[in-house]
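Structural overview
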Amino acid sequence: MTEHTVVIVGGGPTGLMLAAELALARVDVAVVERRAGQELAGSRAGGLHSRTIEVLDQRGVADRFLTAGQVMQVAGFAFARLDISDFPTRHNYGLALRQNHIEPILAGWVAELPVTFYREREVTGFAQDDTGVDVEVSDGRSLRAEYLVGCDGGRSLIRKTAGIDFPGWDPSVSYLIAEVDVGEEPAWGIRHGEHGVNAIGKLDDGKRAGVVLVEERVRQGDDPSVGELRNALVAVYGTDYGVHDVTFLSRFTDTTRQAASYRDRRVLLAGDAAHVHSPAGGQGLNIGVQDAVNLGWKLAQVVHRTSPESLLDSYEAERHPIGARVLRLTMAQTALQRGDERTNALRETVSELLGMDEPRKRYAAMMSGLDVHYDLGEGHPLLGRRMPDLDLVTADAPLRVFTLLHDARPVLLDLGEPRGLDISRWAERVRLVHAEYRGRWELPVLGEVRPPTAVLIRPDGYVAWVADDGTDAALSDALTTWFGSPRIATGREATRS
Ligand SMILES: Cc1cc2nc3c(=O)[nH]c(=O)nc-3n(C[C@H](O)[C@H](O)[C@H](O)COP(=O)(O)OP(=O)(O)OC[C@H]3O[C@@H](n4cnc5c(N)ncnc54)[C@H](O)[C@@H]3O)c2cc1C
């Protein structure tokens, strides 16, 4: 039996991100992945939203993605484009980059970190006890881990084996998705149908076509036939455009479900394993990556015994509501995609509303992930929100806040008088940085907020504690909650205090 501290099942976007987070936190982590590499049948997700780009920037790898894709305004709701170019973020845009490009870039980064991969094999089952999990792998091998994380997609074996319910809604619509050659010029662009939206667009080579077609009746199953594709084209466009050389053909639906719980003792779920929904609004990959960034540092602290197991409860408490919100937003958009006259009128009305500044800002912040607000109690508006990537001045040099987060460690940013906040008893865990910031403090939607004098930033970039009066009231509590009990003071330290 081979031992790892954490075993991740599934090396898709969520599993790769989680592996990176755990490796950065010096956890012995292994990924079991069915596929030989990152090749995907079809291109799936179309890009990254602003907050996901920020999260990658926090780890110093955003440029790898930005140089491979095309920066543009990608946020939208029910066909209303939501421009975020006036948002206070360095990445006031999204990135058009297909999942079949995103995954190899993520995998390239993970390959630079100490992560063990078991590829071309599947996890076939597991059993957990009080101290760990025995994981069965299809090559006959057994792995033993302290924790097992199911990042194994919507049909998650891990979720099913753990007996975690997956309540939600059966599909109301099904789509065929294909990559084809066409014998004649098709009607490029979008065409509304009675049950949803059809689209034909050029693929990366500028010649072949990517096709998404609503089926007249809801169907399920991954392997539709070329005959079904031709029939669906004729039903929508009156011709099949002489499609041939179909290199990819699949089906997706708007099945909408969320795991009732993200954790069963030593087994956790993240990404599509925890939530599935329609691709409307392009959220799935994005929230999967952000689940991973929320979970990674917490799990690392638990396995390093710096935090109690209860820290893991905050993963579900914070991420389940985000998933539920995405489910609601995608269901609303699916309904608005229908093509009957009443729905058309409703869609136009929603578009008009979203053309107004305040609704545009609120929905744009939601769809781009920039408005995430974890409930960490009452206090300064920064509390529980993303830390902006400010340009700081330190004694040594200018410094961006996100640069401080590259190694996925917590940071206490002291912006007040250099009288010194004392965190010596957390010194090995939390980095203390003295800096100056002379600019405005601005958050998406909320606008300008009062300047804090100190900010405690979690490794995922969310603010865990704020002072705006120069004092350290409740700092010890926040440090203990998020980064474990203080180290016992040595005799000399105790005498000093
Ligand atoms: C048509 C379409 C368009 C989409 N567009 C967007 C978009 O624009 N934006 C967006 O954010 N999202 C989009 N999505 C959703 C996005 O593709 C998913 O949300 C994302 O892939 C989820 O990542 P994941 O890592 O959680 O799961 P997955 O990508 O499903 O990865 C799971 C991995 O686990 C492996 N695996 C499964 N079971 C086992 C096992 N037992 N043992 C070993 N390995 C296993 C699989 O091989 C796979 O690699 C779209 C999806 C579709 C279908």
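Below, the structure is looked at part by part. (Residues numbered from 1 in each chain as written. Predicted model: local features only at pLDDT ≥ 70, side-chain atom pairs only at ≥ 80, totals over all residues. Heavy atoms only, no water.)

**Digging into the packing of aromatic side chains**
If you walk through the whole model with that rule in mind, you get eight aromatic pairs. Consider the rings of Trp297 and Trp482, whose centres lie 6.2 Å apart with planes at 50°: the pair is tilted. Taken as a pair, Trp297 in helix H7 (residues 284–303) and Trp482 in helix H12 (residues 475–483) lie far apart in primary sequence, 185 residues in all. Exposure class is identical for Trp297 and Trp482. Each is buried. Taking the centre distance of 4.7 Å and the plane angle of 50° together, the rings of Tyr374 and Tyr462 count as tilted. With Tyr374 in the loop between helix H10 (357–368) and strand E22 (391–393) and Tyr462 in the loop between strand E28 (454–457) and strand E29 (463–467), this residue pair connects regions lying 88 residues apart in the sequence. (Phe/Tyr/Trp six-rings, centres within 6.5 Å; stacked < 30°, edge-to-face > 60°. Helix = DSSP H or I, 4+ residues; strand = E, 2+ residues; numbered from the N terminus. Buried < 20%, exposed > 50% of the residue type's maximum accessible area, 1.4 Å probe, protein only.)

**Regarding helix H9 (residues 341–354)**
Helix length check: H9 (14 residues) gives 20 Å between terminal C-alpha atoms against 20 Å at 1.5 Å per residue, within 8%. Along H9, the positions that sit buried rather than exposed are Thr343, Asn344, Arg347, Val350 and Leu354. Axial view of H9: buried residues confined to an arc of 125°, hence all on one face. Turned more than 90 degrees away from the buried face of H9 sit Glu341, Arg342, Glu348 and Glu352, all of them exposed. Contacts from the buried residues of H9 go to strand E5 (76–77), strand E6 (80–81), strand E14 (189–192), helix H8 (313–336) and H10. (Expected span 1.5 Å × (residues − 1). Arc of directions from axis to C-beta. Contact = heavy atoms within 4.5 Å.)

**Things to note about the side chain of Arg385**
One can find Arg385 in the loop between H10 and E22. Among buried charged residues, Arg385 stands out as having no salt bridge; its nearest opposite-charge side chain is Asp371, 7.9 Å away. Apart from the residues lying within four places of it in its own chain, the contact partners of Arg385 are Val372, His373, Leu443, Leu446, Gly461, Tyr462 and Val463. (Lys, Arg positive; Asp, Glu negative; His and termini not counted. Salt bridge = Lys/Arg side-chain N within 4 Å of Asp/Glu carboxyl O.)

**A few points about the site of the ligand**
The environment of the ligand is made up of 29 residues, and the closest members are Thr14, Glu33, Gln99, Asp272 and Leu285. One of the side-chain N or O atoms of Gln99 is found 2.7 Å from an oxygen atom in the ligand. Within the backbone of Val123, a nitrogen or oxygen atom sits 3.0 Å from a nitrogen atom of the ligand. Contributing elements (two or more residues each) for the shell around the ligand: helix H1 (13–24), strand E2 (29–33) and H7. Here the shell around the ligand takes three residues from H7, the largest share from any one element. (Near = heavy atom within 4 Å. Polar contact = N/O pair within 3.5 Å; in protein donor to acceptor, adjacent residues only side chain to side chain.)

**Some details on a negative patch on the surface**
There is a patch of like negative charges on the surface, built from Glu194, Glu216, Asp340, Glu341, Glu348 and Glu352. Relative to the helices and strands, Glu348 resides in helix H9. The exposure class of Glu348 is exposed, given its relative accessible area of 54%. (Patch = residues over 30% accessible without salt bridge, like charges linked within 9 Å, V, L, I, M, F, W, Y side chains within 5 Å. Areas by Shrake-Rupley, 256 points an atom, 1.4 Å probe, with all protein chains shown as cover. Charge placed at Lys NZ, Arg CZ, Asp CG, Glu CD.)

**Some words on the sheet that holds strand E17 (residues 244–253)**
The five strands lie next to each other as E14-E15-E16-E13-E17, forming an open sheet whose pairing is antiparallel. In the strand order of this sheet, the two ends are held by E14 and E17, each with one partner. The mean angle between the axes of side-by-side strands here comes to 15°, regardless of whether they run parallel or antiparallel. Of the pairings in the sheet, the one linking strand E13 (residues 174–181) to strand E16 (residues 209–214) comprises six bridges and is antiparallel in character. (Pairing = 2+ DSSP bridges. Axes fitted to C-alpha atoms, helices over the stretch in contact; angles between N-to-C directions.)

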